[in-house]
Amino acid sequence: MPFTIFSNEISKLGILFIIALFLSIVILFLSLTLGVYNPDTEKVSPYECGFDPYGDARNAFDVQFYLVALLFIVFDLEALFFFPWCISFSFLNIEGFFSMIDFIIELFVGYIYAWRMGALEWN
Amino acid sequence: MFLLNLEGLILILSILLIFVSLLIFISNNPVHSVLFLILAFFNVSIQLFILNVEFLSIIFIIIYVGAIAVLFLFVVMMLNIKKFAFKFRVYYLIFFIVAMTLYDKSSEKLVAFFIQVEKEIVFMRLPLFLIDELNNLNVLGQILFNYYNSCFLLAGFILLIAMIGAIVLSLSFRTTSKNQLLYRQLSRSEKYFYFF
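Given the structure is predicted, the values throughout are model-derived calculations rather than measurements.

## What about the overall build of chain B?
- Along its length, chain B carries seven helices and zero strands.
- Element order for chain B, N to C, with α for helix and β for strand: α-α-α-α-α-α-α.
- Here chain B holds 196 residues, and the buried ones make up 16% of them.
- A separation threshold of at least 6 residues defines the contact pool for chain B, and within that pool the share at least 24 residues apart is 53%.

Have a look at this one:
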């Protein structure tokens, strides 16, 4: 694998990660062994403000949250495609420039569609 | 040290990835399996970072952990599965072996592709750029937008189709929605009272 200045400098971060991993394992192990732990049926059973829980904690919600998350992914990907385009801007030919313009127009059509259909509105 | 050697680190991370991907579908609680999926994504991201493919590793964190894992959590919440009892079947093992071989082949090809691309770009051989090798972001930008821009436009169309499909599938077309029109409320004046 290529060994650059970047990877040489970044490999020193690995020591930090190893120390962090070691320290977190030590702290977890110590709290597990030294801490007092005697469970009870009353202690372990779930409760809501002193009552028994009414229903399940997982309730099904509106599908529109899912829609917002999916629209977020699409525009997140659009933003991620900007990064290599901006970095290599001076090395692009004219097709490379206008392909990004066309990409923006394509997703803008989708954005207008989502706006007109009322996918971004809440009621 | 074996741990600070990068190839040894990749070996350890690959073994960890196998165990985590097994735990994804062995675990009984679906929320736990989503968490193991996130751990697997992080694992792959670290491996890509070690292999000098920095931009793809950051994409793994942003797209897969930031967005797709959220969608998986939504699916878990919506389907309302309490417990999923894992039963071992033979075709799981076959699927696992096929997936491992595919992962091995594809990761080798990906790394080989990027190394070859870094060698092939000629105009970055100027003395200024020889200080450090061409980084992943530059390579991806120049190859994607100069040579594969038709694929890039196709990716845009696929994103557009995904967006329109999600809207059509999930949106209930209610004509009598109770939205408040803000401009109509703000532009209301005493002239409207004469009408009544």
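After that view of the structure, there is still more to cover.
## Here's the deal with the packing of helix H5 (residues 94-117) of chain A against helix H6 (residues 149-170) of chain B
- Two numbers describe how H5(A) lies on H6(B): the axes approach to 9 Å, and their chain directions differ by 5°. The pairing of H5(A) with H6(B) is recorded here as roughly parallel in orientation. Contacts between H5(A) and H6(B) involve Glu95(A), Gly96(A), Ser99(A), Asp102(A), Phe103(A), Glu106(A), Leu107(A), Val109(A), Gly110(A), Tyr113(A), Ala114(A) and Met117(A) on the former and, on the latter, Asn149(B), Phe152(B), Leu153(B), Gly156(B), Phe157(B), Leu159(B), Leu160(B), Met163(B), Ile164(B) and Ile167(B).
- Across the contact of H5(A) with H6(B), the residue classes break down as 14 nonpolar, five polar and three charged.

## As for the nonpolar core
- Formed by 25 residues in total, the largest nonpolar core has its most connected members in Val74(A), Leu48(B), Met163(B) and Ile167(B).
- At the level of secondary structure, the elements contributing two or more residues to this core comprise helix H4 (64-87) and H5 of chain A together with helix H2 (30-50), helix H3 (54-79), helix H5 (136-146) and H6 of chain B.
- Looking at this core, the element that brings in the most residues is H2(B), giving five residues.
- When residues of this core are assigned to domains, at least three fall in each of domain 1 (1-120) and domain 2 (124-173) of chain B.
- When neighbours within four sequence positions are excluded, Val74(A) is seen to be in contact with Leu107(A), Leu159(B), Ala162(B) and Met163(B).

## Section: H2(B)
- The end-to-end C-alpha distance of H2(B) is 31 Å, a good match for the 30 Å that 21 residues give at a rise of 1.5 Å each.
- Looking at the residues trailing H2(B), positive phi occurs at Asn52(B), about 60°.

## Looking at the environment of Leu73(B)
- Relative to the assigned elements, Leu73(B) resides in helix H3.
- The spacing of Leu73(B) and Val31(B) is 42 residues in sequence and 7.1 Å in space, taken between C-alpha atoms.

## Section: the environment of Asn29(B)
All names here are of chain B.
- Examined against the element boundaries, asparagine 29 turns out to sit in the loop between helix H1 (6-26) and H2.
- Residue classification places asparagine 29 among the partly exposed residues on the basis of 13 C-beta atoms within 10 Å.
- As for asparagine 29 and valine 76, which are separated by 47 residues in sequence, their C-alpha atoms are 9.9 Å apart.

## Some remarks on the packing of H3(B) against H5(B)
Residues and elements named next belong to chain B.
- Between H3 and H5, the shortest axis-to-axis distance is 7 Å and the interhelical angle comes to 90°. It follows that H3 is roughly perpendicular to H5 by the angle criterion. Across from Glu54, Phe55 and Leu56 in H3, the residues of H5 making contact are Asn136, Leu137 and Leu140.
- When grouped by side-chain class, the residues that make up the contact of H3 with H5 number four nonpolar, one polar and one charged.

## Comments concerning the confidence of the model for chain B
- Here chain B averages 77 in pLDDT, while 74% of its residues score no lower than 70.
- Reported for the predicted complex are a pTM of 0.69 and an ipTM of 0.72.

Basis of the calculations
Residues numbered from 1 in each chain as written. Chains lettered and ligands numbered in written order. Predicted model: local features only at pLDDT ≥ 70, side-chain atom pairs only at ≥ 80, totals over all residues. Helix = DSSP H or I, 4+ residues; strand = E, 2+ residues; numbered from the N terminus. Buried ≥ 20, exposed ≤ 12 C-beta atoms within 10 Å, placed from the backbone. Contact = placed C-beta atoms within 7 Å. Axes fitted to C-alpha atoms, helices over the stretch in contact; angles between N-to-C directions. Parallel < 35°, antiparallel > 145°, perpendicular 65-115°, else oblique. Nonpolar A, V, L, I, M, F, W, Y, C, P; charged D, E, K, R; others polar. Core = buried A, V, L, I, M, F, W, Y, C linked by C-beta atoms within 7 Å. Domains from an automatic or database assignment. Expected span 1.5 Å × (residues − 1). pLDDT = per-residue confidence, 0-100.

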